[in-house]
Each structure stands twice: as C-alpha cells, then as structure tokens.
Amino acid sequence: MSNVSECANKQVLLVEGLTKHYGNLLAVEGISFSVNRGEVYVLLGPNGAGKSTTIKMITGSLVPNAGKVNILGLNIWEPDSVLHVKRQISVVPEELIVYGNLTAREFLTFVGRMYLMSPDRIRNRIAEVSEVLAIENVLDKFANEYSRGMKKRVLIAGALITNPKIIFMDEPFDSMDPIVARSLHKHLIDFAGLGGTIVYTSHVLELVERFCSRFAIMYAGRLLEESRIESVLEKSSLSDYFHGVIEKASKMHETRSVSR
C-alpha cells in the first residue's frame with residue numbers, strides 16, 4: 001500500500017462531550033476521547049452500549065444533541081469543513097447497504113470517481129483491495145446476489161480503495177470468513193504502520209487483543225474505561241478485564257434504576 005499522507009499534527013480525532021438522545025432515551029451521554037495518527041482505536045461494549053450511534057455522530061451521518069467532533073483539526077459539523085474532512089476519511093457502516101443493480105467493480109469504480117481518483121488508479125486499487133478481501137470472483141456479479149459476508153467485504157473494499165487518512169468501521173469482522181479476516185487484519189496493520197488511523201467497534205475480543213493500540217469500553221451510552229491494550233494484557237486477558245468492567249457497570253446501572 002502506498003504511504004498515507006502526513007497529518008498536520010499527531011492528534012487526528014477529538015471527541016468532546018458527545019451526546020445523543022431520542023426523546024427520553026439517552027443513547028450516548030457526554031463521551032470524550034481522542035485518537036492519534038497511526039493508532040488503532042476500538043470501541044467495545046455490549047449491544048445497545050451506544051457504539052454505533054457514536055460512530056455515526058463522529059462521521060457526520062447523525063446529528064448530536066451536544067458535543068464537538070474535530071477530525072484532522074476541523075469541525076465535522078462546520079459547513080466549510082465537512083466536504084474537506086469526508087474526502088480524507090472512509091466509513092464502513094453497520095448497515096450493509098449496497099446497490100443491488102451494480103456489480104462490485106461498478107460500485108468500487110463509482111466510489112473512486114467520487115473521490116476524484118484517476119481511471120488508472122481506480123483499476124489498480126480495485127485489483128489490490130480485491131485480492132486482500134478475496135472478492136475477485138464476484139467483481140462482475142450483481143450485489144443483490146451476495147451473501148451478508150460478501151456485502152461486508154465489498155463495502156470494506158470501498159473504504160480501502162481511496163487510501164484515506166482515517167478509516168471508521170462498525171463491526172468490520174462480523175460475518176467474515178476467518179481466512180479473509182486474517183488477510184484484512186494484516187492489511188490494516190500495514191495501513192496503520194504507514195501512518196493511517198483506524199477507529200472501529202467490535203465484539204471479537206480475541207481479535208481486538210491482536211489488533212488494537214487503545215480501546216474504550218462503553219455501557220448504557222457512557223464511556224466507562226479507556227486503556228492501552230498492553231497495559232491490560234500485562235495483568236489479565238482482555239476478556240476478563242472487559243467482563244469485569246461490564247459486570248460492575250451493570251450492577252451500578254441496576255442500582256440507579258431502582259433508586260429512581
């Protein structure tokens with residue numbers, strides 16, 4: 001993979017006081033964290049913790065009720081900044097939405113053209129990401145013929161093809177063949193090693209142990225803990241640490257609910 005462009009400073013993502021509620025439901029409550037260039041940062045938590053909502057707010061597809069998001073030093077919600085920011089990031093959403101009447105090759109070409117890539121560059125990148133994600137055999141098949149796992153592969157290929165500065169992914173390894181997941185894992189490690197930044201959500205704790213710089217644990221819309229992975233692995237497994245934090249938070253949450 002070619003070199004990822006240098007960012008203006010080390011910090012490439014800053015989230016401050018991010019909040020989202022739907023009526024009386026508080027989906028995300030005032031969370032704050034930052035991510036540096038070259039890091040692999042993971043949001044962990046059970047279903048309903050607020051991880052997907054957080055990713056959507058950070059990447060501009062969901063408007064927060066409060067808080068601030070800066071990407072590459074720019075406010076994602078400023079009209080003058082949003083287009084510039086989105087040209088430098090890629091997003092793999094939770095929803096596997098693909099255009100059923102397009103082939104994978106047509107979809108990837110469409111993505112490349114949106115990012116103003118040259119035809120030759122698009123062809124070369126399609127060949128590269130197709131090999132990483134083992135989608136060569138479906139490049140010219142219509143997307144409505146794909147399995148769930150294949151749709152995810154094609155969407156990830158679309159995120160990789162532009163060689164962005166930051167990739168945001170929501171459960172990227174869910175429904176993915178283990179062999180393909182291993183290939184993608186290696187590719188993303190190389191991407192981060194060249195200065196790219198990755199922010200993703202996951203339930204696969206074993207993989208997070210091997211593919212993570214720092215992580216945060218969310219529960220009931222709150223960010224409970226944040227740590228470097230090596231600091232945790234010096235004392236226990238990530239699984240033991242994670243379940244201990246969640247169990248403690250669950251008991252406190254039940255206590256608050258009863259007191260109300």
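Residues numbered from 1 in each chain as written. Predicted model: local features only at pLDDT ≥ 70, side-chain atom pairs only at ≥ 80, totals over all residues. Heavy atoms only, no water.

So, on to the confidence of the model for the protein. Regions with low pLDDT should not have their predicted coordinates read in detail. For the protein, the mean per-residue pLDDT works out to 88, and 93% of the residues sit at or above 70. Element-level pLDDT for the protein is lowest in helix H9 (residues 238–259), with a mean of 79, against a maximum mean of 96 in strand S1 (residues 11–22). Long-range and interchain partners of residues 1–9, a stretch whose pLDDT sits below 50, account for 26 contacts in this model, where long-range means more than four residues apart. (pLDDT = per-residue confidence, 0-100. Helix = DSSP H or I, 4+ residues; strand = E, 2+ residues; numbered from the N terminus. Contact = heavy atoms within 4.5 Å.)

On to the packing of aromatic side chains, then. Inspection of the entire model under this criterion finds 7 aromatic pairs. Consider the rings of phenylalanine 33 and tyrosine 41, whose centres lie 5.0 Å apart with planes at 5°: the pair is stacked. Of the two residues, phenylalanine 33 and tyrosine 41, both sit in the buried class. Aromatic side chains phenylalanine 173 and phenylalanine 211 sit 6.2 Å apart centroid to centroid with 85° between the ring planes, which places their arrangement in the edge-to-face category. Taken together, the residues phenylalanine 173 in the loop between strand S7 (166–170) and helix H6 (178–193) and phenylalanine 211 in the loop between helix H7 (205–210) and strand S9 (214–219) connect sequence positions 38 residues apart. Each member of the pair, phenylalanine 173 together with phenylalanine 211, is buried. Ring-pair connections join several aromatic residues into one group, and the members of that group are Tyr99, Phe107 and Phe110. (Phe/Tyr/Trp six-rings, centres within 6.5 Å; stacked < 30°, edge-to-face > 60°. Buried < 20%, exposed > 50% of the residue type's maximum accessible area, 1.4 Å probe, protein only.)

Below, the discussion takes up H6. Helix length check: H6, at 16 residues, gives a terminal C-alpha distance of 22 Å against a target of 22 Å (1.5 Å per residue), a fit within 8%. Among the residues of H6, those classed as buried are Val180, Ala181, Leu184, His185, His187, Leu188, Phe191 and Ala192. On the buried face of H6, the contacting elements are strand S3 (40–44), helix H4 (119–133), helix H5 (148–160), S7, strand S8 (197–202) and H7. Its side-chain oxygen at 2.8 Å from the backbone nitrogen of isoleucine 179, aspartate 177 defines the N-terminal cap of H6. Looking one or two places after H6, you find glycine 195, whose phi comes out positive at around 105°. (Expected span 1.5 Å × (residues − 1). Polar contact = N/O pair within 3.5 Å; in protein donor to acceptor, adjacent residues only side chain to side chain.)

Closest axis-to-axis distance for the H4/H5 pair is 10 Å, and the angle between their directions is 140°. Taken together, H4 and H5 sit at an angle that is classed as oblique. For the crossing formed where H4 meets H5, the hand is right-handed. Taking contact as the criterion, the partners of Arg125, Val129 and Leu133 in H4 are, on H5, Arg153, Ile156, Ala157 and Leu160. In terms of residue class, the contact of H4 with H5 is built from 5 nonpolar, no polar and 2 charged. (Axes fitted to C-alpha atoms, helices over the stretch in contact; angles between N-to-C directions. Parallel < 35°, antiparallel > 145°, perpendicular 65-115°, else oblique. Left-handed = near helix turned anticlockwise from the far one by under 90°. Nonpolar A, V, L, I, M, F, W, Y, C, P; charged D, E, K, R; others polar.)

The subject of this paragraph is the pattern of salt bridges. Side chains that carry opposite charge are capable of pairing whenever their charged atoms lie near each other. Under the definition given, this model contains 12 salt bridges. Across the pair glutamate 39 and arginine 228 runs a salt bridge, and its minimum N-O distance is 3.5 Å. Placement of the pair is glutamate 39 in the loop between strand S2 (25–36) and S3 and arginine 228 in strand S10 (residues 222–228), with a sequence separation of 189 residues. Exposure remark for glutamate 39: the relative accessible area of 8% places this residue in the buried category. Here aspartate 140 makes a salt bridge to arginine 105, at a shortest N to O gap of 2.8 Å. Of the two residues, aspartate 140 is situated in the loop between H4 and H5 and arginine 105 in helix H3 (residues 104–114); the sequence distance between them amounts to 35 residues. Using a relative accessible area of 54% as the deciding quantity, one classes aspartate 140 as exposed. When its relative accessible area of 34% is taken as the criterion, arginine 105 is described as partly exposed. One salt-bridge network, held together by shared partners, links Glu39, Arg214, Glu226, Arg228 and Glu230. (Salt bridge = Lys/Arg side-chain N within 4 Å of Asp/Glu carboxyl O.)

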